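Observations on chain architecture
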Amino acid sequence: TMVKDPINDIWTIEDVFVEHGSNIVLTNGIAAQKLLSDISREAKAYLTAIRDGMNTLTITPTCTKDKRAVKSMTRFCGISKMTVDFYSFSVYIALLMIMVVHRDTLAVKSSSVVKGDVMILELHRDDVVKAVERTRMTLSTYCSFIATNLDRSTKAMQQYLQGKAIKNVIDKKKYIQQHRIS
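One structure accompanies this document, and this report is about it.

Quick notes on the rules
Residues numbered from 1 in each chain as written. Predicted model: local features only at pLDDT ≥ 70, side-chain atom pairs only at ≥ 80, totals over all residues. Heavy atoms only, no water. Phe/Tyr/Trp six-rings, centres within 6.5 Å; stacked < 30°, edge-to-face > 60°. Helix = DSSP H or I, 4+ residues; strand = E, 2+ residues; numbered from the N terminus. Buried < 20%, exposed > 50% of the residue type's maximum accessible area, 1.4 Å probe, protein only. Core = buried A, V, L, I, M, F, W, Y, C linked by side-chain atoms within 4.5 Å. Contact = heavy atoms within 4.5 Å.

The subject of this paragraph is the packing of aromatic side chains. According to the stated counting rule, one finds 6 aromatic pairs in the structure shown. Taken together, a centroid distance of 6.2 Å and an interplanar angle of 85° make the contact between Tyr46 and Tyr87 edge-to-face. Of this pair, Tyr46 sits in helix α1 (residues 13–58) while Tyr87 sits in helix α3 (residues 80–110), and the two are 41 residues apart along the sequence. Classification of Tyr46 as buried rests on a relative accessible area of 7%. A relative accessible area of 9% means that Tyr87 is categorised as buried. Ring geometry for Phe86 and Tyr142: centres 5.5 Å apart, planes at 65°, overall edge-to-face. Here the residue Phe86 occupies a position in helix α3, and Tyr142 occupies one in helix α5 (residues 125–145), the gap between them amounting to 56 residues.

Given below as structure tokens:
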């Protein structure tokens, strides 16, 4: 909610900055929700494709078309671990964005630095926002081509992992895991 000057009932410069900060936080939260929705939809489609393709693996190929279908489904199943890992990392990115939104909401409300998880404090919001954007784009590309052009899907994944924002998130995650105090 906006804080107005109680005497004059006008917006101050501080009010405008607080409102702007609140709008950014809300937009970032919506981006995280969209990513979670995308992951859910794509995971469901992937599971459906696996389930439907299992019949292909149970038949004895008698012609070239059947042999190609079995080979294609075998490759499709072969990258399941990579696919599940990508979906899991995508969920991590979305949850990280939600944590950053929470951090920024507290910072906007209190106008002070929020103490908490070192990893979250050290990650800049712009890196996490870019990571969410890149994850959504890669998720779309990866899932669109996974059944028809596996090479395109894996190339999208390689390019995704080379992105600066993704590398920053991965590096921070590795650092925290290595230095976590039990």
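The discussion continues.
If you look at the biggest cluster of nonpolar residues, it comprises 32 residues, and the most contacted ones within it are Ile93 and Met97. Put simply, the parts of the chain that give this core at least two residues each are α1, α2 (64–78), α3, α5, α6 (150–161) and α7 (164–179). It is α3 that provides the largest number of residues to this core, a total of 9 residues. Setting aside residues up to four positions removed in sequence, Met97 forms contacts with Asn28, Ala32, Arg125, Val128, Val129 and Val132.

Honestly, it's all geometry; don't read function into it.
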